[in-house]
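A closer look at the structure
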Amino acid sequence: MDTVLLTFTGNFVDYYAHDSTIAIEGNYTKGNKEGLFNIYFPNGQLEQSGKYVNDKKTGIWEYFYEDGTKRQILDFQDNEILIMEFWNKEGKKLVESGNGEWYSYTPSDEFIKTSGEVLNGRKNGTWKNTLPSRNMTTNIEKYKEGKFISGKMISVASGTESYKDTQYCSIEKTPAFLTAEQFQMSRCYKIQKNNLEYAKYPGGMNRFYEQIRKRIVLTGPILNRGIIRIGIIIDKDGKMTNFRPLSRIGHELDLIEVLQTMENWTPMKVNGKPTIQPQIVSLEIN
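Each value, and the rule that gives it
Residues numbered from 1 in each chain as written. Predicted model: local features only at pLDDT ≥ 70, side-chain atom pairs only at ≥ 80, totals over all residues. Heavy atoms only, no water. Helix = DSSP H or I, 4+ residues; strand = E, 2+ residues; numbered from the N terminus. Buried < 20%, exposed > 50% of the residue type's maximum accessible area, 1.4 Å probe, protein only. Contact = heavy atoms within 4.5 Å. Areas by Shrake-Rupley, 256 points an atom, 1.4 Å probe, with all protein chains shown as cover. Salt bridge = Lys/Arg side-chain N within 4 Å of Asp/Glu carboxyl O.

Some words on the overall build of the protein chain
- What the protein chain contains, in helices and strands, is three helices and 21 strands.
- Within the span of the protein chain, comprising 286 residues, buried residues form 39% of the whole.
- Here the contacts in the protein chain between residues at least 6 apart in sequence split such that 39% fall between residues at least 24 apart.
- When the accessible surface of the protein chain is totalled, it reaches about 16,300 Å², and 49% of it is carbon and sulfur.

Observations concerning the pattern of salt bridges
- Applying the stated criterion across every chain, the model contains seven salt bridges.
- Two residues, Asp55 and Lys33, come together in a salt bridge whose shortest N-O distance is 3.0 Å. On the criterion of sequence distance, the pair formed by Asp55 in the loop between β5 (46-53) and β6 (56-64) and Lys33 in strand β3 (residues 32-33) is long-range, its members being 22 residues apart.
- Overall, the relative accessible area of 31% leaves Asp55 in the partly exposed class.
- For Lys33, a relative accessible area of 3% corresponds to the buried category.
- Among the ionic pairs, Lys93 bridges to Glu85, the shortest N-O distance being 2.9 Å.

Honestly, that's just the spatial picture; any functional story needs more than this.
Here it is, written out as structure tokens:
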């Protein structure tokens with residue numbers, strides 16, 4: 001590791017914290033991911049494998065389910081991701097030679113489903129983000145041969161909002177190790193003022209939680225008391241996205257519905273440039 005520039009060079013192997021199972025193996029060149037990377041499930045099965053060139057996924061990447069069966073083949077070309085093949089968990093091939101129907105769930109909890117038509121490897125027609133547990137659609141996006149036309153965000157509490165500058169129906173979710181890398185590989189001492197600015201909610205965090213308490217409506221009886229925790233991503237535009245329950249109190253979806261109605265944040269900035277910020281929202285039920 002270069003202790004001045006805080007960059008890694010050379011081969012590495014990372015392990016899951018709870019045992020000696022390999023999580024990731026690959027190579028860095030002056031801080032950039034370079035060459036073959038293998039990423040594994042906690043059970044030791046290969047999850048995905050492919051090459052990085054200058055810190056970007058490049059060429060053919062193969063993906064697998066936790067039982068070792070094939071999931072999909074993606075082709076990373078410059079700033080475009082082509083879906084070449086896709087199989088569901090039952091082994092049925094739904095995309096062949098870049099044509100068919102594709103879907104994916106958020107990792108581990110399968111809370112959000114992203115789905116749509118694939119034509120010549122590219123998004124086409126209508127794509128959606130849905131919450132299967134509530135039979136609820138949160139995003140509808142239109143594409144034509146890979147070109148994003150328009151999108152609509154849907155909230156139960158506050159209606160719909162149209163957008164044309166952001167895509168929420170993502171083919172490739174940001175791997176957890178990349179989010180960790182963004183923070184853990186940064187200098188943890190002598191940070192220059194204004195180098196790092198965390199996301200800010202309009203009026204501050206007291207106002208943020210005050211709005212939540214005023215707006216939340218708990219559906220059904222309160223069977224469990226404790227703290228509801230929701231993981232979110234504050235994107236480069238300050239919007240809260242990628243809602244993921246981290247607790248099992250029973251009212252996690254009620255809190256997510258409130259978060260969908262709230263104002264945008266001032267996004268996190270690193271060296272003056274907006275970037276994404278993971279955040280956990282907690283609310284005590286007593």
